[in-house]
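The chain contents come next:
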Amino acid sequence: MKQITLFPLVFLGILACWNALSVIAEDPYMFFTWEITYGTISPLGVPQQGILINGQFPGPTIEAVTNDNIVINVTNKLDEKFLITWSGIKQRKTSWQDGVMGTNCPIPPNTNWTYKFQVKDQIGTFQYFPSYKIHKAAGAFGGFNINQRSVISIPYPIPDGDFTLLIGDWYKTDHKVLRRLLDIGRSLPFPDALLINGLRDGAVFTGEAGKTYKFRVSNVGLATSINFRIQGHSLTLIEVEGAHTLQQSYESLDVHVGQSVTVLVTLSGSVSDYYIVASTRFTDPILSITGTLRYVGSNSKASGPLPIGPADGIEWSMKQARSIRLNLTANAARPNPQGSFHYGTIPITRTLVLANSKTLLNGKVRYAVNGISYVNPSTPLKLADWFNISGVFDFSTITDVPPPPGTPAKLGTSVVAINLHDFVEIIFQNNENTIQSWHMDGSSFYVVGYDIGIWTPDLRKNYNLADAVSRHTVQVYPNSWSAILVSLDNKGMWNLRSAIWENRYLGQELYLRVWNDERSLFTENSIPLNALMCGRAKHVPRLKP
């Protein structure tokens, strides 16, 4: 009789069970197919060429849940290259999917490319938009909402509904004409209007009396900060760009270019319609737009005076910004409290002081950061770094502090070398009379200070080192500074840029190359098999992941 050995059978059974559990345990996938086309839109009553996603303007809102895997197949039907970036989505270990010129080759016309990334350990209100040329001035932007997993509690009562409001400035001028203005060294004109969800008139949000609704508000504009308010209703701030905040009540909120906030609004008034108002900040003239908050059963249109916005001075806005604090007892995407990361006790390993300046180079308007006006090379930085292609960039182009006054600006490709897990202090110094807005891809940072004037090391004593809000976009007021602290623990090539389109297009950006000498899937994903190749990397043999 043949003897049967049980160990291999038991081992194979355990392995099969393990594989089955692994499949079951994998986080859910969401699949999208997007076709990018031109189409005629008339948000201001005048037909103009828009950029549509599946025929929609604005694009569809993505409703995801923490840890979902996102797969979006984008087909470009435009007559020029195209890219989408996912603003505020951290994309752990994979700057390959960031959708900016430093990390991706743009999608050529009549071809497609598939983005694949995970919204790992994130919640909150975000946005996506085209990052190439000035396509954002024609559309192709939308909301990106990440909801809490059901097993993780939220620090407020479950709302009775959820509204996404995409608010931003808009131009009647064709986006290609706007681009030509920038290319010949002229500034963009003042915007023509504000839109809410692509509409100049008619944006209506309906709810029932006595119930509470979540309003997700994003500034998707190109140039102007806005103030948001609702007639007869207070706004309870609950979340800013992925971080739960202390639940403070505001009559109105400033939302700067590229920023997103989430508020709760309780319909506590009489059954009627009420004005929703957004107006520009720090501009002359002031643009404004109204929408409608409608109670179910309302038979009367909104009436009476519009709710008044705040004073023009930056002091009010800066005071409000300082009042926004992190909720240290709330869970975020995971069950541990947000305050368990004691950022205020971590030694700073490096300080960057970044001063932006408007300048003239070769007779054309440009913006420079520490004397360097950024120019995109034909080879994406990430590809050059991965394949060791020399001559695309070097780390000596930009310095950690501004050059001496009077130093002429010059064109360059600014990349800052950062060691993985460095804890970095970044000071954004604004010596101009206009507001700035800075965005960082790949990481959230703690906004620890704002003030008027010139930053000096002595001002660190005024930092909020206990409960500063964690976010990915920070405003810098005119003739002022803003300070952030960030743990750069996401390996990759990450964009640090102006969210104000003219500034960014004309040079106000740079890249942070967050790196260690270990090539491991534990720290960074390999180059995707579907990666587009261009520039000097076009004919480089691909390496298997």
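Residues numbered from 1 in each chain as written. Predicted model: local features only at pLDDT ≥ 70, side-chain atom pairs only at ≥ 80, totals over all residues. Heavy atoms only, no water.

## Here's the deal with the sheet that holds strand 32 (residues 492-498)
Two modes of strand pairing occur in sheets, parallel and antiparallel, and in both the strands are linked by backbone hydrogen bonds.
And then number 1: As summarised here, the arrangement of the five strands in space is 25-33-32-27-30, forming an open sheet in which the pairing is mixed. Each end of this open sheet is capped by a strand with a single partner; those strands are strand 25 (415-419) and strand 30 (473-476). Averaged over neighbouring strand pairs, the angle between their axes works out to 20° when direction is ignored.
And then number 2: Sheet analysis places strand 32 next to strand 33 (residues 509-515), joined by six bridges and oriented antiparallel. Paired with Met493 across the strands is Arg513, a residue of strand 33. (Pairing = 2+ DSSP bridges. Helix = DSSP H or I, 4+ residues; strand = E, 2+ residues; numbered from the N terminus. Axes fitted to C-alpha atoms, helices over the stretch in contact; angles between N-to-C directions.)

## Some details on the nonpolar core
And then number 1: If you look at the biggest cluster of nonpolar residues, it comprises 47 residues, and the most contacted ones within it are Leu165 and Phe215.
And then number 2: Look past the residues within four positions of Phe215 in its chain and what remains in contact with it is Phe163, Leu165, Phe205, Ile230, Val261, Thr262, Val263, Val265, Ile276 and Leu293. (Core = buried A, V, L, I, M, F, W, Y, C linked by side-chain atoms within 4.5 Å. Buried < 20%, exposed > 50% of the residue type's maximum accessible area, 1.4 Å probe, protein only. Contact = heavy atoms within 4.5 Å.)

## Notes on the pattern of salt bridges
And then number 1: Within the structure shown, the criterion is met by 18 salt bridges.
And then number 2: We note a salt bridge from Asp79 to Lys176, for which the minimum N-O separation is 2.8 Å. Note that Asp79 is positioned in the loop between strand 4 (69-76) and strand 5 (84-87) and Lys176 in helix 2 (residues 175-183), a separation of 97 residues in sequence.
And then number 3: Across the pair Arg179 and Glu80 runs a salt bridge, and its minimum N-O distance is 3.1 Å. Pair noted here: Arg179 is in helix 2 and Glu80 is in the loop between strand 4 and strand 5, with a separation of 99 residues, a long-range link.
And then number 4: Note on Arg179: relative accessible area 13%, which makes it buried. (Salt bridge = Lys/Arg side-chain N within 4 Å of Asp/Glu carboxyl O.)

## So, the side chain of Asn227
And then number 1: With respect to the helices and strands, the residue Asn227 is situated in strand 13 (residues 226-230).
And then number 2: For Asn227, the side chain forms a polar contact with the side chain of Ser252, separated by 3.2 Å.
And then number 3: Among the polar contacts made by the side chain of Asn227, one reaches the side chain of Asp254 at a distance of 2.8 Å.
And then number 4: Setting aside chain neighbours within four positions, we find Asn227 in contact with Ser252, Leu253, Asp254, Val277, Ala278, Ser279, Arg281, Gly309, Pro310 and Trp316. (Polar contact = N/O pair within 3.5 Å; in protein donor to acceptor, adjacent residues only side chain to side chain.)

## Quick notes on the sheet that holds strand 6 (residues 111-118)
And then number 1: Taken in spatial order, the four strands make up an open sheet running 2-1-4-6, and their pairing is mixed. One side of each edge strand has no neighbouring strand; the edge strands of this open sheet are strand 2 (48-53) and strand 6. Here the strands of the sheet are splayed against their neighbours by 20° on average, with no regard to which way each runs.
And then number 2: Pairing geometry for strand 1 (residues 29-41) and strand 2, over six bridges, is antiparallel. Looking at the pairing, Ile36 lines up with Ile53 of strand 2.

## A look at the state of the cysteines
And then number 1: Under the definition given, this model contains one disulfide.
And then number 2: The partner cysteine of Cys105 in its disulfide is Cys534, sulfur to sulfur 2.1 Å. A torsion of -90° about the S-S bond marks the disulfide between Cys105 and Cys534 as left-handed. Of this pair, Cys105 sits in the loop between strand 5 and strand 6 while Cys534 sits in the segment after strand 33, and the two are 429 residues apart along the sequence. As far as the burial class goes, Cys105 and Cys534 line up, both buried. (Disulfide = S-S within 2.5 Å.)

## Examining unusual backbone geometry
And then number 1: Each neighbour pair has its own omega, and for Phe57 with Pro58 the value is -10°, a cis peptide bond.
And then number 2: For Pro58, the location among the structural elements is in the loop between strand 2 and strand 3 (62-65).
And then number 3: Cis geometry marks the peptide bond from Asp284 to Pro285; its omega dihedral reads 10°.
And then number 4: Looking at the element boundaries, Pro285 is found in the loop between strand 19 (273-280) and strand 20 (288-295).
And then number 5: Of note, Asn197 is a non-glycine position whose phi angle comes to about 55°, a positive value.
And then number 6: Note that Asn197 resides in the loop between strand 10 (193-196) and strand 11 (204-207).
And then number 7: Its relative accessible area of 23% is what places Asn197 among the partly exposed residues.

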